[in-house]
Amino acid sequence: MVSRSDILVLGLTAGIVGSLVGGLLLYAGLALVMAGSHAGWLLALPAAPAGGGLGLLLARRLAAKAGTQGG
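These numbers were taken from a predicted model, which means no experiment stands behind them.

S.K.: Would you mind going over the overall build of the chain in detail, with residue names and values included?
M.R.: For the chain, the count of helices and strands is three helices and zero strands. Going residue by residue from the N terminus, the α and β elements of the chain occur as α-α-α. In terms of C-alpha radius of gyration, the chain reaches 16 Å, well past the compact-globule figure of 11 Å for 71 residues. Considering only C-alpha atoms, the chain reaches an extent of 55 × 15 × 10 Å along its principal axes. Taking all 71 residues of the chain together, 20% fall into the buried category. In the chain, the proportion of contacts linking residues at least 24 apart, taken out of those at least 6 apart, comes to 53%.

Right under this line is the structure:
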């Protein structure tokens, strides 16, 4: 069974990792756009979905862990 601490760690990890990855993609993309390269939009636009996708992967891993424990 998944405990409260597992859910708390999932939320904190997803928030921190998602913010770091999304923020770095957004920063790099917008820096390229400001430098005149329109290819930077390829990094800036998917920044939020990439950060959220990591949280989804972490949640699926926790759900798989709960499934194997019979919970």
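The structure having been displayed, the exposition proceeds.
S.K.: If you had to explain helix α3 (residues 47–68) to someone new, which residues and values would you point to?
M.R.: Under the 1.5 Å per step criterion, the end-to-end length of α3 is 32 Å for 22 residues, consistent within 8% with the ideal 32 Å. Those residues of α3 that sit buried are A47, G51, G55, L58, L62 and A66. The buried residues of α3 all sit within an arc of 110 degrees when viewed along its axis, so they share a single face. Away from its buried face, by an angle of more than 90 degrees, α3 presents the exposed residues P49, L57, R60, A63, G67 and T68. Buried residues along α3 sit in contact with α1 (4–34) and α2 (41–44).

S.K.: Outline the pattern of salt bridges, supporting the account with residue identities and numerical values.
M.R.: In this structure the tally under the stated criterion is one salt bridge. With a closest N to O distance of 3.8 Å, K65 and D6 form a salt bridge. Note that K65 is positioned in helix α3 and D6 in helix α1, a separation of 59 residues in sequence.

S.K.: Before we move on, can you summarise a nonpolar patch on the surface with the specific residues and values?
M.R.: A grouping of L8, L12, I16, V17 and L20 is seen on the molecular surface, where their side chains present a nonpolar patch of about 470 Å² in accessible area. One can find L12 in helix α1.

S.K.: Outline the packing of α1 against α3, supporting the account with residue identities and numerical values.
M.R.: At a minimum axis distance of 7 Å, the contact between α1 and α3 shows a crossing angle of 155 degrees. One way to sum up the angle between α1 and α3 is to call them roughly antiparallel. The element α1 and its partner α3 pack so that their crossing is right-handed. Across from D6, I7, L10, T13, A14, V17, G18, V21, G22, L25 and L26 in α1, the residues of α3 making contact are A47, A50, G51, L54, G55, L58, A59, L62 and K65.

Calculation rules
Residues numbered from 1 in each chain as written. Predicted model: local features only at pLDDT ≥ 70, side-chain atom pairs only at ≥ 80, totals over all residues. Heavy atoms only, no water. Helix = DSSP H or I, 4+ residues; strand = E, 2+ residues; numbered from the N terminus. Rg over C-alpha atoms; globule rule 2.2 N^0.38 Å. Buried < 20%, exposed > 50% of the residue type's maximum accessible area, 1.4 Å probe, protein only. Contact = heavy atoms within 4.5 Å. Expected span 1.5 Å × (residues − 1). Arc of directions from axis to C-beta. Salt bridge = Lys/Arg side-chain N within 4 Å of Asp/Glu carboxyl O. Patch = residues over 30% accessible without salt bridge, like charges linked within 9 Å, V, L, I, M, F, W, Y side chains within 5 Å. Areas by Shrake-Rupley, 256 points an atom, 1.4 Å probe, with all protein chains shown as cover. Axes fitted to C-alpha atoms, helices over the stretch in contact; angles between N-to-C directions. Parallel < 35°, antiparallel > 145°, perpendicular 65-115°, else oblique. Left-handed = near helix turned anticlockwise from the far one by under 90°.

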